[in-house]
Amino acid sequence: MLNLVVLISGGGSNLRALLEATRNPDFPARIVAIGADREAEGFSHAEAFGVPIFTVPFSSYPDRDAWGAALLEAMEPWKADLVVLSGFMRLLPGAVAQALSPHCINTHPAYLPEFPGAHAVRDAIRAGATRSGASVIVVDDGVDTGPILAQERVPVLAGDGEAELHDRIKMVERRLLEQVVRDIAEGTLDLEKVSTP
Ligand code: GRF
């Protein structure tokens, strides 16, 4: 059984989908704790599933490195095999990315390397893209630059606003994330062997 710690910042709808996947007795991973950099709305899903939570508020630390050290300390007791960033809206300090590497993955609402960064869905619409996508990557110390584990195209439809497109992308993100977690847990995907493209 692969033990996951999931980090969120917002509503946690992708987290919710992963929690639901773990209900299936055949699913080879479980979420042992859910953390956030703020009092995230998505903690309600943790409560619904009886999963412990922890918060490491960014604003409580003098700088990013101090916050990162506190985040690592808060995760340590859970002995996670894999850390999943699921709508976690803070860039991990390099030392944290390196400490977790390669056992930390992130979902991203674009077809990387297209549209990296925090506003990927808005950027795709503003660029007039006719298709965007969803990606699951290994976290490295760059901004959405790590090795790509899974990705799929999502069309941008006429009249799509940011919310509509993001909702459709998230449906794909959830499926990709569930599959990647399953593959890691079953050993068909070995993060140690995934190299930077
Ligand atoms: C997802 O699209 C994720 O890739 C992005 O933020 C969104 C999280 O949504 N970084 P939610 O909090 O799971 O609803």
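Placed above this text is the structure.
Residues numbered from 1 in each chain as written. Predicted model: local features only at pLDDT ≥ 70, side-chain atom pairs only at ≥ 80, totals over all residues. Heavy atoms only, no water.

A. Geometry of unusual backbone geometry. A cis amide bond links serine 101 to the next residue, proline 102, at an omega of 0 degrees. The omega angle of the peptide bond from leucine 112 to proline 113 is 10 degrees, so this bond is cis rather than trans. Residue position: proline 113 is located in the loop between β5 (104–108) and α5 (120–126). Positive phi, normally seen in glycine, also occurs at lysine 79, with a value near 45 degrees. Turning to its location among the elements, lysine 79 is positioned in the loop between α3 (64–75) and β4 (82–85). Judged by relative accessible area, which is 52%, lysine 79 ranks as exposed. At aspartate 144, a position not held by glycine, the phi torsion is positive, near 60 degrees. Its place among the elements puts aspartate 144 in the loop between β6 (131–138) and β7 (148–155). (Helix = DSSP H or I, 4+ residues; strand = E, 2+ residues; numbered from the N terminus. Buried < 20%, exposed > 50% of the residue type's maximum accessible area, 1.4 Å probe, protein only.)

B. The arrangement of the nonpolar core in detail. Of all hydrophobic cores here, the largest spans 39 residues; its most connected members are Ile31, Ile34, Leu82, Ile105 and Val181. Broken down by element, this core gets its largest block of residues, 8 residues, from helix α6 (residues 162–186). When neighbours within four sequence positions are excluded, isoleucine 34 is seen to be in contact with Val6, Ile8, Leu15, Leu19, Phe43, Ala46, Val51, Pro52, Ile53 and Phe54. Residues Val5, Leu7, Ala33 and Leu92 belong to the second largest nonpolar core, which totals 19 residues. (Core = buried A, V, L, I, M, F, W, Y, C linked by side-chain atoms within 4.5 Å. Contact = heavy atoms within 4.5 Å.)

C. Summary view of α3. Here α3 contains 12 residues, and its C-alpha end-to-end distance of 16 Å stays within 8% of the 16 Å for a straight helix at 1.5 Å per residue. By the burial criterion, the buried members of α3 are Trp67, Gly68, Ala70, Leu71 and Met75. Down the axis, α3 shows its buried residues gathered within 165 degrees of arc, on one side only. Exposed and facing more than 90 degrees away from the buried side of α3 are Asp65 and Glu73. Tucked inside the fold, the buried residues of α3 contact β1 (2–8), β3 (53–55), β4 and α4 (94–100). Capping the start of α3, aspartate 63 holds a side-chain oxygen 3.2 Å from the backbone nitrogen of aspartate 65, two or three residues further along. (Expected span 1.5 Å × (residues − 1). Arc of directions from axis to C-beta. Polar contact = N/O pair within 3.5 Å; in protein donor to acceptor, adjacent residues only side chain to side chain.)

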